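Coordinate inspection notes
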Amino acid sequence: MSVNSDNEKGPGMVVDDNGLKADEARLNNERWGDNVLSPAMTTPIWRLYIEKYNDPMIRVLLVAAALSLCLALAKGDYLEVVGIFIAIFLATTIGFLFERDAARRFKLLSDMDDNQEVKVVRDGRVTTIARRGVTVGDVVVLDTGDEVPADGVLISATGMLVDESALTGETATHKGMGGAEGGAHDEEWQTTYGPQQMMRSSLVIEGHGRMRVTAIGDHTEIGKLAKQATEMTGVKTPLDRQLNRLAKLISRVGGAVAVSAFAVFLIHDIVNNPLWHGDDWMGMAEVVLNYLMMAVTLIVMAVPEGLPMAVTLALALNMRRMVMADILVRKLHACETMGAVTVICTDKTGTLTENRMRVAEVMMMVNGGATVNTDRLMEAIAINSTAELDGERTVGNPTEGAMLLWMREQGADYKGLRDAAVIVERTPFSTERKWMETVADSAGVRHRYVKGAPDVLIDRFALVVDDKVLSGLDDFQRRALRTMAVMADGELLAVFGISDPLRAEVPEAMGMCDSARIKVKIVTGDNRLTAMEIARRIGGGRAIEEGEAISGTDFENLSDGEAMGMVDGLRVMFRARPADKQRLVRLLQERGEVVAVTGDGTNDAPALHYAHVGLSLGAGTAVAKNASDMTLMDNSFAGVVRAVVWGRSLYKNIRRFLLFQLTVNVAALFLVLGGALAGTQLPLTITQMLWVNLIMDAFAAMALASLPPEEEVLNEPPRRQEDPIINRGMWMRIVGGGLLMGGALLLVLLFMERRGGVGVRELTVFFTMFVMMQWWNLFNAKTFASSRGVFSGLREDRGLLLVMAMILVGQWVIVSFGGRMFRTVPLDGMTWAFIVVVTSPILLLGIKKKC
C-alpha cells in the first residue's frame, strides 16, 4: 500500500495547511450552524401522556368509574365519583411528569457527545475545539483512535485504516491519497466512499492524517440516515427484568386478594342488605360497581407500578450526580452493575497517575568516547513524532508532548525540523510493538528514526549497551519514571526518564476498595520495576510478593488452568498487551468475579467491551469510549470508586422502595380482606385508596430515589448477582410489618364499632392513621440496611423531607376539605396530635436495620 506523506499534496487540490482563520471560522459557523445531528422523530408529548392510560387496570377502573358516574348523575350525588377521576388523573400525571423529567436528563447526557474535543488547525496552529464547533473548511487532525467529526476529504495521510461500519458495515477500510497516486484501481482502494473520503462517525483504527471538512451536521451522510431513524426505547437492564418478575408475582397475589374481597363483600351485602330483596336494579348495580371498583383499586394498589418509576428516577438522579462528578454514563446497566463489582483491572497512565508527562532526566549516550550530537537527537525527536504543542498543552500523545516541551526548553524548534523533512514511510506506535519508526529525507539524506521502550529496542536491534546504561535504566524504573529510548540510523542516542506523578487521591481510593472487598489489579504496558513501584506506592507501601506480578509474555505462555490458579492473587501485570488484558478479564469472569476495566486506547476496546463494566477515560480515544459503559471525564481512578458508591447506593435505594411499598401493600390487602371476613363495612373508600396508592408510588419513589449515596456502602462486601433483590430477612420484615400495621388498624376499626358505631369522623381518623403509619414508615425505609439512625442525616435528605411535607399537607387538605368526595370531616388539632403520636411507634419496625 502506498500513501502520500504529510508533506505531499494530491494533484489539482488547493490545500492551506494553516486551516481557517478565526474570523473565517466564525462566518462559517454562522452560515452552516453547529455540527450536531438533529434528534430523531419522537412521539408527541400528548400521545405519550395518553399512553399512560393504556394500563389494563387503569382502563378497567376508568370504565367502572364512568358507569358509576352515570348512576351518580341519575341520583344527583356524584362528588365521590369525581374524586375518583381526580385521583386517577393525579396519579397518572405525576408518574408521567417524573418519567419525562428522567428522559430529559438522559437526553442531556447524550448531548454531551457533541462537546467532545476535536483537534483542528486554526490560524496556523493545532488546537482543540468542541465537536459541535467544527465547521466547513476546517482542517481536522486525525490520529489512531479518533472519531471522524464530520464528512471531509483527506489532504494528507499515513497508513490510515478506518472503521466505516456505522455507514457501510466495513470494519477495516484503507484510506489515503490512493486515487491521487494512480492507485485508485487497486483492490485495497475500492471502497464505498472512495479512498480520500472521510465520513462522520467513522473510527481511525491505524495511522494518522488531516482532512478538509466538506459537510457537517445533518448534511453529512450519517446525518441524512439519522433523519430516518426512530427513537430508541425499552432498554431493559438485568435489574429491570428481576423487578418485572417480582411485580408479576405481587400482582397475582394482589389479584387473588382483590377477587376474594369482591366476592366476600358482595355475598355479605346480598345476605344482609334488604336492597337485594326488592326491585331497585339501579341500586343493586351501584353496589356491584362500588365493590368492583374497590377490587380494581386493590389491584391497582397491589400492582407495584411505581417500581419502573422508582428505577427510572433513581437512574436519572444517579446519572445526573455522576455527570456533576465527571462520570458520563453511556449505558444504563452500568449504574447497577458497578454496585456488584468485585475486581477492577486498571491501567496506570492517566488513571493512577496524572498523565502530566515531563522529562525528569535524560541519559545521553557516549559513542566512541564522544557524547552524541544534540542536533541529531532533536531531529530524531521532532520527525519521529506526531504530537503538537498548544502553549504548554500537548495535543496528541502526552509522552511525545513531554519530549517536545524538553526540546523547546533546550531552544530547539520542533516544527521547523519537522517541516523541513519529507516523510517516506511511518510505522505508528502500538501496544504490541512498543516502538515507532519513521523513514524520512532530511537535507537530502534518508534517515531511519526509531523510539520506544529501551528493553524492547535493545532486544529487537541487538544494541550493545554498557553496565552504566543498564544501571541508569534500573534507576529510572525504580523511581517509577517512564523510559523512552531514541535511535537514529541504528544508533542509540539517548534514554529519557519521563515523570508522571501519582494522583494524590489514588492511595485513599485504593484503601476504599480494600474496605469494599474489591480487588484491584494493575495491568500496564510499563516495565516490571516501574509497575511494581507504582503498585507499592498505592498499596500503602506493601511490596509485591512472589506470584503477585507477571509479564504479559509469561501470562500468555500459561495454560488456562495455570492462569486460573494465579489470577486471584495477581496484583500487577506488566508489559501487558491488549490480548493479555482481555484474557485476564475472561478468566476472572469464569471464576465468578464481576469485573470492571479501565482503558483509554484503541487497543483497550476488546477488554472494555468484554468486561461487565468498561470505563474509558475522557482523554481516551473514541474507539475506547464507544466500547465502554462509562467515561471518567477527569481520568481519575477515584471516579471508579465513586461509581461503585453510587451503584451500591442505587441498588439499596431500590430495595428501600420495595420494602416501603410492599409493606403498605400487605397492610392494605390484609386490612380490606380482614375487614371483609370480620363483616365490617369497607374501611377505605376508593378515593382514599387511590390517594394512598399515590403516596406509595409517586411520592415514595421520588423520596427514596432522591436519597444521596452513602460512603458506608464501601464497608460492605459486593452483592452477588444471583442474590434475590428481596431476601428472606427482607420478606419477613415486609410481611411482619404489613400484618402488624394491618392488624393494629383492624383492631382500631373493631374497637370503634363496639364502642359506639363507626361514623364519618371515626373513618376519617382511621384513614388518617393509615396514612400516618405509612408516613412514619418512610423513615424506616430510609434507614433500611444502614447504620444511620432514623433522624440522622436529615440535612442531606432534603428531597425526602420535601416529599414527607407534601404528604402531610396533602393529607390535611383532604381531611379538611375532602368532604363527601373523600368521605372525610375536619379534625381538630388535638386529634391530629393524638394520631401523630399514636402511630409513631411504627418507627420501632426500623430498629433491625440490616437485611
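Here the structure is a predicted model, which means the values were calculated and not measured.

1. Focus on the overall build of the protein
Per the secondary structure count, the protein includes 28 helices and 25 strands. Counting over 851 residues, the protein shows a buried share of 54%. The long-range share in the protein, meaning contacts at least 24 apart out of those at least 6 apart in sequence, stands at 73%. About 36,000 Å² of surface is accessible on the protein, with carbon and sulfur atoms providing 57% of the total.

2. Points about the packing of aromatic side chains
Applying the stated criterion to the full structure yields five aromatic pairs. Plain terms: the ring middles of W775 and F779 are 5.8 Å apart, the flat faces sit at 80° to each other, and that makes the pair edge-to-face. Placement of the pair is W775 and F779 together in helix α25 (residues 760–783), with a separation of four residues, close to one helical turn. An aromatic cluster is present here, built from W775, W776 and F779 joined pairwise through their rings. Over the ring of F461 we find R460; its NZ or CZ atom is 5.5 Å from the centre of that ring.

3. Quick notes on the pairing of strand β18 (residues 482–488)
Burial within β18 is extensive, with six of its seven residues counted as buried. The pairing of strand β17 (residues 445–452) with β18 spans four bridges and is antiparallel. When the bridges of β18 are listed, V450 appears paired with M487. Where β18 lies against strand β19 (residues 491–499), seven bridges are found, and the strand directions are antiparallel. Within the sheet, the bridge partner assigned to V486 lies in β19 and is A494. The loop that links β18 with its antiparallel partner β19 comprises two residues; one of these, D489, has a positive phi angle of about 50°.

4. Focus on the sheet that holds β18
Across the sheet, six strands lie side by side as β10-β19-β18-β17-β16-β15; this open sheet has antiparallel pairing. Both edges of this open sheet fall to β10 (358–364) and β15 (422–427), since each of them pairs with a single strand only. Sheet twist, expressed as the average angle between the axes of neighbouring strands with direction ignored, equals 20°. This element, helix α10 (residues 374–383), spans β10, β15, β16 (435–442), β17, β18 and β19 of the sheet and lies at about 65° to β19. Packed onto the sheet, helix α11 (residues 398–409) meets β10, β16, β17, β18 and β19 and runs at close to 70° relative to β10.

5. Quick notes on the pattern of salt bridges
According to the stated counting rule, one finds 39 salt bridges in the structure shown. Across the pair E354 and R356 runs a salt bridge, and its minimum N-O distance is 2.6 Å. Under the relative-accessibility criterion, E354 is labelled partly exposed at 29%. Taking the shortest distance from any N to any O, the salt bridge between D489 and R376 comes out at 3.9 Å. Pair noted here: D489 is in the loop between β18 and β19 and R376 is in helix α10, with a separation of 113 residues, a long-range link.

6. Concerning the sheet that holds strand β23 (residues 595–599)
Spatial strand order, β8-β25-β24-β23-β9-β20-β22-β21: eight strands in an open sheet with mixed pairing. The open sheet has two free edges, formed respectively by β8 (327–329) and β21 (549–551), since each of these has just one partner strand. Neighbour to neighbour, the strand axes of the sheet diverge by 20° on average, direction disregarded. In terms of strand pairing, strand β20 (residues 519–523) meets strand β22 (residues 572–574) through two bridges, oriented parallel.

7. Thoughts on the packing of helix α14 (residues 467–478) against helix α16 (residues 528–538)
α16 packs onto α14 with a crossing angle of 25° between their chain directions and a minimal axis gap of 7 Å. In terms of orientation, α14 lies roughly parallel with respect to α16. In this structure, the crossing between α14 and α16 has a hand that is right-handed. Here D474, Q477 and R478 of α14 come into contact with α16, specifically with L529, T530 and E533. Taken together, the residues that form the contact of α14 with α16 break down as one nonpolar, two polar and three charged.

8. Remarks on the packing of α10 against α11
Interaxial distance between α10 and α11 falls to 10 Å at its minimum, and their mutual angle equals 140°. At the point where α10 passes α11, the crossing takes the left-handed sense. When α10 is examined against α11, the residues L377, M378, I381 and A382 are found in contact with a partner set consisting of M403, L404, W406 and M407. A per-class count over the contact of α10 with α11 returns eight nonpolar, no polar and no charged.

9. What about a nonpolar patch on the surface?
Judged by side-chain polarity, L249, V253, F670, W731, V735 and L739 come together as a nonpolar surface patch covering roughly 460 Å² of accessible area. Those elements that place two or more of their residues in the nonpolar patch are α6 (238–272) and α24 (728–756). Ranked by the residues each element gives to the nonpolar patch, the list is headed by α24, at three residues. With respect to the element layout, F670 can be found in helix α22 (residues 637–678).

10. A short note on unusual backbone geometry
The phi dihedral of D123 is positive, around 55°, even though this residue is not glycine. Summarising the element assignment, D123 is placed in the loop between β1 (117–122) and β2 (125–130). Its identity as a non-glycine residue notwithstanding, A462 has a phi of 50°, on the positive side. By the element assignment, A462 lies in the loop between α13 (454–460) and α14. We classify A462 as exposed; its relative accessible area is 60%.

11. A look at the environment of L405
By the element assignment, L405 lies in helix α11. By relative accessible area, L405 is classed as buried at 4%. Sequence-distant contacts of L405, that is, excluding residues within four places in its chain, are made with R358, L389, G391 and E392.

12. Observations regarding the side chain of N635
With respect to the helices and strands, the residue N635 is situated in the loop between β25 (630–632) and α22. Once residues lying within four places of it in the same chain are set aside, the contact partners of N635 are G350, T351, R503, L617, G618 and A619.

13. Some points on the pairing of β2
Here β1 pairs with β2 via six bridges, running antiparallel. Directly across from K119, in β2, lies its bridge partner T128. Remark: two residues form the turn of the hairpin made by β1 and β2, two consecutive strands paired antiparallel; D123 in that turn has positive phi of roughly 55°.

14. With respect to helix α26 (residues 798–817)
Relative to the 28 Å expected for 20 residues at 1.5 Å per residue, α26 spans 28 Å between its end C-alpha atoms, a close match to the ideal helical length. Just downstream of α26, G819 is the residue with a positive phi angle, here 55°.

15. Some points on the side chain of T351
Within the fold, T351 resides in the loop between β9 (343–346) and β10. Classification of T351 by relative accessible area gives buried; the value is 0%. Polar contacts involving the side chain of T351 include one to the side chain of D347, which spans 2.8 Å. Setting aside residues up to four positions removed in sequence, T351 forms contacts with T346, R503, V506, T598, L617, N635, S636 and F637.

16. Here we look at the confidence of the model for the protein
Per-chain confidence: the protein averages 80 in pLDDT, with 83% of residues scoring 70 or above. Contacts for the low-pLDDT stretch residues 1–15, under 50 throughout, to residues beyond four places or in other chains number 46 contacts. Segment residues 179–185 is flagged for pLDDT under 50; beyond a separation of four residues in sequence, or across chains, it makes 15 contacts in the model.

17. Focus on α25
The terminal C-alpha atoms of α25 lie 36 Å apart, and with 24 residues this matches the ideal 34 Å at 1.5 Å per residue to within 8%. When you tally the buried positions in α25, you get 21 out of 24 residues, the bulk of the element.

So, how was this worked out
Residues numbered from 1 in each chain as written. Predicted model: local features only at pLDDT ≥ 70, side-chain atom pairs only at ≥ 80, totals over all residues. Heavy atoms only, no water. Helix = DSSP H or I, 4+ residues; strand = E, 2+ residues; numbered from the N terminus. Buried < 20%, exposed > 50% of the residue type's maximum accessible area, 1.4 Å probe, protein only. Contact = heavy atoms within 4.5 Å. Areas by Shrake-Rupley, 256 points an atom, 1.4 Å probe, with all protein chains shown as cover. Phe/Tyr/Trp six-rings, centres within 6.5 Å; stacked < 30°, edge-to-face > 60°. Lys NZ or Arg CZ within 6 Å of the ring centre and 35° of its normal. Pairing = 2+ DSSP bridges. Axes fitted to C-alpha atoms, helices over the stretch in contact; angles between N-to-C directions. Salt bridge = Lys/Arg side-chain N within 4 Å of Asp/Glu carboxyl O. Parallel < 35°, antiparallel > 145°, perpendicular 65-115°, else oblique. Left-handed = near helix turned anticlockwise from the far one by under 90°. Nonpolar A, V, L, I, M, F, W, Y, C, P; charged D, E, K, R; others polar. Patch = residues over 30% accessible without salt bridge, like charges linked within 9 Å, V, L, I, M, F, W, Y side chains within 5 Å. Expected span 1.5 Å × (residues − 1). Polar contact = N/O pair within 3.5 Å; in protein donor to acceptor, adjacent residues only side chain to side chain. pLDDT = per-residue confidence, 0-100.

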